[in-house]
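Fold and geometry: a report
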Amino acid sequence: MGLGFRSITLLCFFFAVAAGDGEFVSSKKPYIVHMKRHLKPVEYSTHADWYSEHLQSVASVSQDSLLYTYDAAYSGFAAAMSPEEVDSLRGSDFVVGVYEDRVYSLHTTRTPQFLGLDLEIGSLAGINAQGLNQASADVIVGVLDTGVWPESKSFNDANMPDVPARWRGGCQATPDFNPKIHCNKKLIGARFFSKGYEVISSSGSTESPSPRDTDGHGTHTSSTAAGSPVGNASLLGYASGNARGMAPHARIATYRVCWKSGCLGSDLLAAMDRAILDGVDVLSMSLGGGSAPYAHDTIAIGAFAAMERGIFVSCSAGNGGPGKSSIANVAPWIATVGAGTIDRDFPAFVILGNGQKFAGVSLYSGKPMAQNKLVELVYAPGKNSSSNLCLTGSLDPAVVRGKVVLCDRGINPRVEKGAVVRDAGGVGMILVNTAANGEELVADSHLIPAVAFGRKTGDTIRNYVTSAKNPSATLSFGGTVVNVKPSPVVAAFSSRGPNTVTPQILKPDLIGPGVNILAAWSHAVGPTGLEKDTRRSPFNIISGTSMSCPHISGLAALLKAAHPKWSPSAIKSALMTTAYTVDNSNSPLRDAADFSISTPYAHGAGYVDPHRALSPGLVYDASRADYIAFLCSLGYTDEMLHIIVKRANVTCNRYRRFRDPGQLNYPSFSVVFGKNRVVRYTREVTNVDPAGSVYHVLVKTPEGVVATVKPEILEFKKAGDKRTFTVTFVSGRRLKPLPSAFGSIVWKNAEHEVKSPVAFSWAAEA
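Worth saying up front: this structure is predicted, and the values here are computed from it rather than measured.

Along the backbone of the chain there are 19 helices and 39 strands. In terms of C-alpha radius of gyration, the chain reaches 26 Å, essentially the compact-globule figure of 27 Å for 766 residues. For the chain, buried positions account for 61% of its 766 residues. In the form shown here, the chain has an accessible surface area of approximately 27800 Å², with 51% of it arising from carbon and sulfur atoms. Averaging the positions of the 73 positive and the 63 negative side-chain charges in the chain gives two centres separated by 5 Å.

So, in C-alpha cells, the structure goes:
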C-alpha cells in the first residue's frame, strides 16, 4: 500500500529472503533456544556463562555463533547454527526447544487537537495539566523500530529536568552516533540489535549497524508517542502547525531492531530484554508477523515478561484489512491497536474531458499542472498485461510521454507508480482503487502531480477512459482542510478480527489515529522512501497501524503519569472502556472499506478518548496469575507454559485454570456459542474514583440472544473497592449459524459510562 503499508507487500519478501536459495551468508540460520533455566549448574556464576559453554560443548560451535543471551524476556539464548548443530542441541537434557528465528515486519500536526490533548490549556478530567506534565517527565517510553534521527527538533530537551535516577539504559556509540552529542534529557536511550539480521542478510548489504534511523519509520513513531512540541511543522507545506507527541514531556528510549529485510525475532527479543532491564515504563512496537500460538510468538513472550514488571506494551494490529481474521499481536497482555482517520484531509481534484469533477486526495507539493488545461488521459498504455498497475518497466514511453496515466492500485507501492509514470515521460497520474481497497483514501507525497480515488470513482474514470474517443483530464490540489465530516472513520487497511488464536478474546482492543499522520522524519530518506526521491523534509505524513500504535503508547504514558500505581491491564481497561463508537456527525463509526457501519472486529472497543480515559470510573484489572490461568485454560503443556512464564515451579496442575479462556477479566467480551447455547462469564471491576459510587447496568444484544447480568447494580464505598458480576448469554436455536453479531454491556452512573463491546459468533453445532 505504499510507504505507510509496506508490510503487506514486504512480508512475503522478508520470508523469501529467509528461505530463498543462495540468500544466506552461510548455511547457518539464527535460532532461539529455550533452556531449563532452573537447572544451571552451581559452578557457573551466570546463566550467560552456562549458555555459552553449553552451546559450544553440545553443538560444537564457535563462541562467535552465540548471538544473544536473554535474561528478563526469555530463558535462553539465540545462536547461528547449521541444521546438524541444531539437532545436537535438541538432544540436550537442558534444552526445552530450539526454534527457527522468525521475521517480523513494520506496520507501516493535528492529532493532539483531534484527541482534545492541548495540555497547555485547562485540565484533563480534573487532573492539573502542569502536574501531569511534571509527572510525565518520570515516564519512559521505549520504542522498538528502525532507530532514531536524533537531530530532529522533536527530540529537543529544552527545560526538561534531569533523567530519572532509576534509568539504567544508555546510548550506543557508533561512527555516525555520538551519545554525548545525540542523546540528551529527552532522548535518553538509543541502541541497536542486528546480530540475527546479519546472519540472514545477503553479503551485499551496506547497512551500517547503528541506532541512527535511515528509514524514517522509527523517528516517526517515537516522535508520535512522546516528541517535544515543534512549531511550524509541515510536510512541504501540508498540515502546517504545531507537531508534538501524545506525551510531550515523557522520555524516549529507542531500540533499533528493524533493517532493510525485516525485523528478526532474536533481535526483537534482545531489545525487549534490554528495555525491560533499562527500566522503560511503556513499550511501543509498530511491527508484527501475523498470529501464532503465544508460546511461539516472540513478541507475546517478551511482552509477558514486560507486563510482569508493570510495563505497558502496545503493538500495531497490522495492515491486513479489510480481510477477516487478519489481526496480529493478539496476546491479551498486549494492547492491540487498529487505525482510524482524524478530521484532517488533503483534497485534490480531477476534471475529465466530459466535464465531470471528482474529489480525491494527494500530498503532491511540486509544480502544478497548467490550470484548466486538459491533457490526454491513457490507461494500460504498456507492453504487457500489468501496465494497468504501472509496475516498473510496464509502461511504453512512446504512448505515455506528455500524458496523464490512470493506474490501478495494487502490487507495488503507490508512490512507486507515480515514479514509474514520471520515468516513462508522463506528466500526471490518477491512482484508483480496486475492490481490494474499496473506498479507502490515503494521501501520498508523489513525485509528479497525482490524485488518489476510491473504487467507485475509479470505476467511473475507468469507464470514461475506455469509452471516450479522446479521453483527457486535468489535476489540481486543494492543500489542507480540517473539521472533515464524518470523522473518525475506521481505516480499510486496519487488520480485523475475529481472533483465530483465542476466539474468546476480542481483538483489536481499540483504534487510534493512523491515517495521514504528521510526525518527525529522517533526513537520510525522502518522503516517499524511494531512492530516487531526493527531497528532504524534517516531517512526513504517512499512514498505517504503525502510526496508531505510538498514539496509544503515548497516551498510556500519560495515564501512567497520572496514575503511577495502575497496572498495565488497568491502563488498557481505562483506554478501552472509555473509547467512543460514534463520529463527529453523531453517527455510528463507519468502515472506510465500503462505508458500512463498523463493528468491534474492526474498531474493538472504539476510538480512543484520552479525556475520559484519565478518569474511567471502573477498571477491569488482571494479574500475572490471571494470565497463567488463562494460558492453562488453552490446554498448554508445562513446557509451553514455561516458555512464556519462565518459572519451572509454575504448572497447570498446581495452578488454577479457567474453564474457558473467556473467563479472563478482560474489558471486552467475545462469546462463542458451540454445542452449548449458554455461555456464562464472571468479571471483576475495581473502583478508581476517589469517592463511593453506584452503577447500573445497560445491556444490548442482537436478535436471538438474551443476556442477563447479576447483580444489576454495583455499589462502591471507596476507591479500590472491587465488585464482581456474572453475565449469562443464551442463544436461541438457529437453522443456519450466523457469522457474527454484536452488543454491549455498560456500567453507568451520572459521571461515567464504562462500556464493554460484546462479539457473538456461532459454530455449526449451535
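Turning to the state of the cysteines, a few remarks are in order. Scanning the model with the defined rule gives four disulfides in all. In this model cysteine 171 forms its disulfide with cysteine 183; the gap between the sulfur atoms is 1.9 Å. Taking the sign of the torsion about the S-S bond as the criterion, the disulfide between cysteine 171 and cysteine 183, at about -105°, is left-handed. You can see cysteine 171 sitting in the loop between strand E6 (140–145) and helix H6 (179–182) and its partner cysteine 183 sitting in the loop between H6 and strand E7 (187–192), a full 12 residues away along the chain. The disulfide that involves cysteine 390 links it to cysteine 407, with 2.0 Å between the sulfurs. Every disulfide takes its handedness from the sign of the S-S torsion; for cysteine 390 and cysteine 407 that torsion is -85°, giving left-handed. Residue cysteine 390 is found in the loop between strand E20 (375–379) and helix H11 (397–400), and its partner cysteine 407 is found in strand E21 (residues 404–408); the two are separated by 17 residues along the sequence. Numbered by order of appearance in the sequence, the disulfide-linked cysteines of the chain pair as 1-2, 3-4, 5-6, 7-8. Cysteine 549 provides the cysteine sulfur closest to cysteine 315, a residue in no disulfide bond, and the two sulfurs are 6.0 Å apart.

On the basis of which strands lie adjacent, the open sheet formed by four strands has the order E11-E12-E5-E14 and antiparallel pairing. Looking at which strands have only one partner, the edges of the open sheet turn out to be strand E11 (258–259) and strand E14 (287–288). Bridge analysis of E11 against strand E12 (residues 262–264) gives two bridges, and the strand direction is antiparallel. Residue pairing in the sheet places cysteine 258 in a bridge with cysteine 263 of E12.

In this section: unusual backbone geometry. Of the consecutive residues lysine 485 and proline 486, the connecting peptide bond is found in the cis state with omega at -5°. Among the secondary structure elements, proline 486 is positioned in the loop between strand E25 (481–482) and strand E26 (489–490). A cis geometry characterises the amide bond from serine 487 onward to proline 488, with omega recorded as -5°. Among the secondary structure elements, proline 488 is positioned in the loop between E25 and E26. Backbone geometry places asparagine 159, a non-glycine residue, at a positive phi of 65°. Here asparagine 159 lies in the loop between E6 and H6. The phi dihedral of cysteine 390 falls on the positive side, at around 55°, and the residue is not glycine. Judged by relative accessible area, cysteine 390 falls into the buried class, the value being 0%.

A separate point is the packing of aromatic side chains. On inspection of all chains with the given rule, the structure shows 25 aromatic pairs. With centroids separated by 6.5 Å and ring planes inclined at 80°, the aromatic side chains of phenylalanine 358 and phenylalanine 453 adopt a geometry described as edge-to-face. Taken together, the residues span a long stretch of sequence, with phenylalanine 358 in strand E19 (residues 357–361) and phenylalanine 453 in strand E23 (residues 450–453) at a distance of 95 residues. Residue classification places phenylalanine 358 among the buried residues on the basis of a relative accessible area of 14%. Put simply, the rings of Tyr68, Tyr70, Tyr74, Phe193 and Tyr255 pair up and form one aromatic cluster. The ring of tryptophan 149 carries arginine 212 above its face, with NZ or CZ at 4.6 Å from the centroid. Between the NZ or CZ atom of arginine 683 and the centre of the ring of phenylalanine 669, over which it lies, the distance is 4.2 Å.

We now examine helix H3 (residues 83–90). Among all positions in H3, only Glu85, Val86 and Leu89 are buried. An end-on view of H3 places all buried positions within 100° of arc, on one side of the element. The exposed residues of H3 that point more than 90 degrees off its buried face are Glu84 and Asp87. Buried residues along H3 sit against strand E1 (29–35), helix H2 (47–59), strand E3 (76–81) and strand E4 (95–100).

Moving on: the pattern of salt bridges. Where charged atoms from two side chains of opposite charge come close, those side chains can pair. Here the structure, examined in full by the defined rule, presents 24 salt bridges. Two residues, glutamate 440 and arginine 409, come together in a salt bridge whose shortest N-O distance is 2.9 Å. Residue glutamate 440 is located in the loop between strand E22 (428–432) and E23, and its partner arginine 409 is located in the loop between E21 and helix H12 (414–423); the two are separated by 31 residues in the primary sequence. In this structure, glutamate 440 and arginine 409 share a single accessibility class: buried. The shortest N-O distance in the salt bridge between arginine 414 and aspartate 444 comes to 2.5 Å. Of this pair, arginine 414 sits in helix H12 while aspartate 444 sits in the loop between E22 and E23, placing them 30 residues apart in sequence.

Quick look at the packing of helix H10 (residues 298–308) against helix H19 (residues 638–645) now. Two elements in contact, H10 and H19, have axes separated by 8 Å at closest approach and are oriented at 60°. Considered as vectors, H10 and H19 are oriented oblique to each other. Where H10 approaches H19, its residues Ile301, Phe304 and Glu308 are matched on the opposing element by Ile643, Ile644 and Val645.

With that settled, consider the packing of H2 against H3. Following both chains from N to C, one finds H2 and H3 inclined at 110°, their axes separated by 9 Å at the closest point. Accordingly, the angle class assigned to the pair H2 and H3 is roughly perpendicular. Judged by the twist between their axes, the crossing of H2 over H3 is right-handed. Contact residues: His54, Leu55, Val58 and Ala59 in H2; Glu85, Ser88 and Leu89 in H3. Taken together, the residues of the contact of H2 with H3 sort by class into four nonpolar, two polar and one charged.

Taking strand neighbours across the sheet as the criterion, the five strands line up as E32-E39-E38-E34-E36 in an open arrangement whose pairing is mixed. Edge positions in the sheet fall to strand E32 (669–673) and strand E36 (713–718), since each has one partner strand and no second. The mean inter-strand angle of the sheet, taken between neighbouring strand axes irrespective of direction, is 20°. Across five bridges, strand E34 (residues 691–700) lies against strand E38 (residues 741–748) in antiparallel orientation. By the bridge assignment for E38, lysine 700 is matched with serine 744.

All right, on to a nonpolar patch on the surface then. Side chains of Val678, Val706 and Val730 sit close together on the surface and give an oily, nonpolar patch of about 210 Å² of accessible area. Within the secondary structure, valine 730 sits in strand E37 (residues 722–731). Judged by relative accessible area, which is 33%, valine 730 ranks as partly exposed.

What counts as what
Residues numbered from 1 in each chain as written. Predicted model: local features only at pLDDT ≥ 70, side-chain atom pairs only at ≥ 80, totals over all residues. Heavy atoms only, no water. Helix = DSSP H or I, 4+ residues; strand = E, 2+ residues; numbered from the N terminus. Rg over C-alpha atoms; globule rule 2.2 N^0.38 Å. Buried < 20%, exposed > 50% of the residue type's maximum accessible area, 1.4 Å probe, protein only. Areas by Shrake-Rupley, 256 points an atom, 1.4 Å probe, with all protein chains shown as cover. Lys, Arg positive; Asp, Glu negative; His and termini not counted. Charge placed at Lys NZ, Arg CZ, Asp CG, Glu CD. Disulfide = S-S within 2.5 Å. Pairing = 2+ DSSP bridges. Phe/Tyr/Trp six-rings, centres within 6.5 Å; stacked < 30°, edge-to-face > 60°. Lys NZ or Arg CZ within 6 Å of the ring centre and 35° of its normal. Arc of directions from axis to C-beta. Contact = heavy atoms within 4.5 Å. Salt bridge = Lys/Arg side-chain N within 4 Å of Asp/Glu carboxyl O. Axes fitted to C-alpha atoms, helices over the stretch in contact; angles between N-to-C directions. Parallel < 35°, antiparallel > 145°, perpendicular 65-115°, else oblique. Left-handed = near helix turned anticlockwise from the far one by under 90°. Nonpolar A, V, L, I, M, F, W, Y, C, P; charged D, E, K, R; others polar. Patch = residues over 30% accessible without salt bridge, like charges linked within 9 Å, V, L, I, M, F, W, Y side chains within 5 Å.

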